[in-house]
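Inside the fold
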Amino acid sequence: DNNPNVVTFDYQHDLGRITKLCLASDVDAVFFHGLFLDWQKKLVKHIGFKKHINWVIWGGDLYNPIKFDKPMRYLTGFVDAIHTLATGDIKLFKDVYGEKQTHALGYLYPGLYGEKVPVIQKQETPLIIVGNSGDEANNHVEILQLLSKKSDIKDYKILLPVSYNFTSEYEAELLVH
């Protein structure tokens, strides 16, 4: 959108250029929108302790390395602060990686984090949000099976935000339910 503060790049060819941009004298901190991808991890290591590194946690980037017994301790030493709205993510991070500065940051779904949203009587159909990505660890199938047993489930809309981390095989499995 022609924003002068946004740079798009091909990580396979431009990682050196992006590293230089991150290390420029007018850059105080670098924010990583998740640490899922190899190029993100390489960039963290290239920046090292030269800039403040902030990790915006999205769930799978924190949970999957721990789940598969491959915690990212080699990276988290470079991380100065973590950003999330999930207190469980903060606790897990601290239990596995130690203390870091924490900040509340995220994109809100009403009621997903924190207090429940009050139910307002409207003509609109109530909404149930299942999961936060296309990752199978969201247990969409199990949740949909449980919801299908509710006598009033037809009174609700169900939203599955699967815009990323979504395989075609898992999509086919979900469509059956």
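Given the structure is predicted, the values throughout are model-derived calculations rather than measurements. (Residues numbered from 1 in each chain as written. Predicted model: local features only at pLDDT ≥ 70, side-chain atom pairs only at ≥ 80, totals over all residues. Heavy atoms only, no water.)

Notes on helix 2 (residues 38–47)
- Looking only at helix 2, the buried set comprises Trp-39, Gln-40, Lys-41, Leu-43, Val-44 and Ile-47.
- Taken together, the buried residues of helix 2 touch helix 1 (11–22), strand 1 (29–33), strand 2 (52–56) and helix 4 (73–76).
- A positive phi of about 55° marks Gly-48, the residue just after helix 2. (Buried < 20%, exposed > 50% of the residue type's maximum accessible area, 1.4 Å probe, protein only. Helix = DSSP H or I, 4+ residues; strand = E, 2+ residues; numbered from the N terminus. Contact = heavy atoms within 4.5 Å.)

Some remarks on helix 1
- For helix 1, built from twelve residues, the straight-helix expectation of 16 Å at 1.5 Å per residue is missed by more than 12%, its first-to-last C-alpha distance being only 14 Å.
- Against strand 1 and helix 2 lie the buried residues of helix 1.
- Backbone nitrogen of Gln-12 and a side-chain oxygen of the N-cap are separated by 3.0 Å at the start of helix 1; the cap is Asp-10. (Expected span 1.5 Å × (residues − 1). Polar contact = N/O pair within 3.5 Å; in protein donor to acceptor, adjacent residues only side chain to side chain.)

Quick word on the sheet that holds strand 4 (residues 101–103)
- Read across the sheet, four strands follow the order 1-2-3-4 without closing on themselves; strand pairing throughout is parallel. With partners counted over all chains shown, the strands left at the sheet margins are strand 1 and strand 4, one partner each. Between one strand axis and the next, the sheet turns by 25° as a mean value, whatever way the strands run.
- Bridge count between strand 3 (residues 79–83) and strand 4: three bridges; the pairing is parallel. Residue Ile-82 lies in a different strand from strand 4, and its bridge partner there is Thr-102.
- In this fold helix 2 packs onto strand 1 and strand 2, with an angle of close to 165° to the strand it touches most, strand 1. (Pairing = 2+ DSSP bridges. Axes fitted to C-alpha atoms, helices over the stretch in contact; angles between N-to-C directions.)

Considering the pairing of strand 2
- Judged by how many residues are buried, strand 2 sits mostly within the fold: four of five residues are covered.
- Where strand 1 meets strand 2, five bridges bridge the pair, whose relative direction is parallel. Looking at the pairing, Phe-31 lines up with Asn-54 of strand 2.
- In this region the chain leaves strand 1, passes through helix 2 and returns to the parallel neighbour strand 2; the handedness of that crossover is right-handed.
- With four bridges joining them, strand 2 and strand 3 adopt parallel strand pairing. Pairing of Ile-53 across the sheet is with Val-79, part of strand 3. (Right-handed = clockwise from strand over helix to strand, strands pointing away.)

Re the pattern of salt bridges
- Under the defined criterion, the tally for this structure stands at three salt bridges.
- In this structure, Arg-17 and Asp-14 form a salt bridge, with 3.4 Å as the shortest nitrogen-oxygen distance. Here Asp-14 and Arg-17 lie together in helix 1, a separation of three residues that amounts to about one turn.
- Residue Arg-17 is classed as partly exposed on the basis of its relative accessible area of 40%.
- Close ionic contact of Lys-91 with Asp-95 constitutes a salt bridge, the shortest N to O distance being 2.7 Å. With Lys-91 and Asp-95 both in helix 5 (residues 87–97), this residue pair falls four residues apart, about one helical turn. Each member of the pair, Lys-91 together with Asp-95, is exposed. (Salt bridge = Lys/Arg side-chain N within 4 Å of Asp/Glu carboxyl O.)

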